[in-house]
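Architecture at a glance
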Amino acid sequence: MNLRETFGRPLRLAVIGGGPGSWIGAMHRSAAELDGWFRVSAGVFSADADKSRAAGAQLGLDPARSYGSVAEMLAAEADRPDGVEAAAIMTPNDSHHAHAVAALDAGLDVMCDKPMAETHAQALDLVARVRDNARLFAIAHAYSAYPMVRQARHLVRNGAIGALRMVQVEYIQSGLATRLEDGPLNNRLRWILDPARSGLALVMSAIGCHAQHLACFVAGAPVARLVADVGSLMPGRRVIDHVSALLEFEGGARGTFTVTQAAAGGENDIRLRVMGERGLLEWSHRDASYLRVAMQGEPARVFGRGDPDLPAEILSGGRSPRGHPEGLREAFANLYAELAQERMAREMGQTLASAPYPRVEDGAHTMAFIEACLASQQAGAWVEVAAGG
């Protein structure tokens, strides 16, 4: 029997945020349940109590478990014999830390949307709480869970391209390519375009943290220092929509980093290139099921999701034969699966090999990276990225 069959049921998941009409809410809920590891059992879907209760019913939850507030849900679920065992957080950025604290202190494991906190200090607080409460904490950097990103990481870790020399990463998007500030604003745009709510730098909270984590994940090293250009490509904009940086990774490899949400025509265009002393790897989100590997003096090879000679742990991240499209939902589901497997194994006293899903320590490095970018812009110089996490 496999782990899920031995455990006997899906884990019970509470959802915080992501009500009807939220694309990220639908992504989390469907990914959590895709492979049967979790079942969405309770939730709080709006800061408005009446709207939250109505949203739960609309999404098919038991009305008795569609709550008006996080505090109400955590208290009620703690009293149930079938109470929730984990919480998924997908609320506006300025509330992630508070909701994560509440969930951890209630004894729940956490899947948190990025960024997990507003500051590095808050991130370190979450690191301490996870350790003190002996809980699991995952961050929804789903791009790192594509099988071919995992294959790239595997090749780097095994020395296939030799010592790391350079990493290039970019995430280009058009969501802020027009002056949304001048048009009608819905609730989502109100908090996104409010610098006090969207985070230290909007583009970093929205997409830059994904690019940073992707680069560090595949390289297998954190960023040690950087020099950054931080600002807005759109004239007169209050929030930051662009960051470019030169990087130095721990171990000495160099890197370049470019993210913007103000690139007209951009379509979540994520590209990663990792160069070693013997060859390079290239991955693009637009062709996510394939990884190009070019070794010096040899013909280039293209790995594909589903190739039979891939390591078993990478093959397991796909669900269909090579050539059948899979995408972001399946990558999200891989994160939920790994979190659930670790929780189930712990419950049954089993030990699993450490899964590579993004953890609370990774989130702490992300916040240190963002703060270093802002400090570099202010100083006009290279700065160290704070350690810790």
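Data block above holds the structure.
Residues numbered from 1 in each chain as written. Predicted model: local features only at pLDDT ≥ 70, side-chain atom pairs only at ≥ 80, totals over all residues. Heavy atoms only, no water.

**Topic: the nonpolar core**
Heads up, the condition is: By convention a nonpolar core is built from buried Ala, Val, Leu, Ile, Met, Phe, Trp, Tyr and Cys residues, the set being connected through side-chain atoms within 4.5 Å. Exposure is judged per residue with a 1.4 Å probe applied to protein chains only, and the accessible area is read against the type maximum: over 50% gives exposed, under 20% gives buried, and values in between give partly exposed. The contact criterion used throughout is that any non-hydrogen atoms of two residues lie within 4.5 Å.
With 121 residues, the main nonpolar core has Phe38, Met116, Phe137, Leu226, Phe249 and Phe257 as its most contacted residues. Residues within four places of Phe257 in sequence aside, it is in contact with Val169, Met204, Gly208, Ala211, Gln212, Val243, Ser244, Ala245, Leu247 and Phe369. Judged by nonpolar contacts, the second largest core, of seven residues, contains Leu176, Ile192, Leu202 and Val239.

**Some words on the pairing of strand E6 (residues 164–172)**
The line we're drawing: When DSSP finds two or more bridges between two strands, those strands count as paired. Secondary structure elements are defined from DSSP: runs of H or I of at least 4 residues count as helices, runs of E of at least 2 residues count as strands, and each element is numbered from the N terminus.
Relative to strand E10 (residues 269–276), E6 runs antiparallel, the two sharing eight bridges. The residue of E10 that forms the bridge with Tyr171 is Ile270. Sheet topology places E6 next to strand E9 (residues 254–260); seven bridges connect them, and they run parallel. Looking at E9, one finds that Met166 is bridged to Arg254.

**Quick word on the packing of helix H5 (residues 96–105) against helix H6 (residues 120–133)**
The test is simple: Orientation is described by axes fitted as lines to C-alpha atoms, over the contacting stretch for helices, and by angles from 0 to 180 degrees between their N-to-C directions. Orientation is classified from the angle alone, with under 35 degrees giving roughly parallel, over 145 giving roughly antiparallel, 65 to 115 giving roughly perpendicular, and any other angle giving oblique. Each residue is assigned to one class: nonpolar for Ala, Val, Leu, Ile, Met, Phe, Trp, Tyr, Cys and Pro, charged for Asp, Glu, Lys and Arg, and polar for all the others, Gly among them.
At a closest axis distance of 10 Å, the pairing of H5 and H6 adopts a crossing angle of 10°. In terms of axis orientation, H5 runs roughly parallel to H6. The residues of H6 that touch H5, namely those facing His97, Ala100, Val101, Leu104 and Asp105, are Gln122, Asp125, Leu126, Arg129, Val130 and Asn133. For the contact of H5 with H6, a count of residues per class yields five nonpolar, three polar and three charged.

**Side note on the environment of Val110**
On the secondary structure map, Val110 appears in strand E4 (residues 109–112). Classification of Val110 as buried rests on a relative accessible area of 0%. A sequence separation of 27 residues divides Val110 from Phe137, and the C-alpha atoms of the two residues are 4.8 Å apart. Ignoring any residue separated from it by four or fewer positions in sequence, one finds Val110 in contact with Ala87, Ile89, Ala103, Leu104, Leu136, Phe137, Ala138 and Leu339.

**Here we look at the sheet that holds strand E1 (residues 11–17)**
The strand order E2-E1-E3-E4-E5 describes an open sheet built from five strands, whose pairing is parallel. Each edge of the open sheet carries a strand with a single partner, namely strand E2 (38–44) and strand E5 (137–139). With strand direction ignored, the average angle separating the axes of adjacent strands in the sheet is 20°. Note that strand E3 (residues 86–90) and E4 share four bridges and pair parallel. Its bridge partner being in E4, Ala88 is matched across the sheet by Met111. Sheet strands touched by helix H2 (residues 23–34): E1, E2, E3 and E4. Its angle to E2, the strand with the most contacts, is close to 145°.

Geometric values such as these leave the question of function open.
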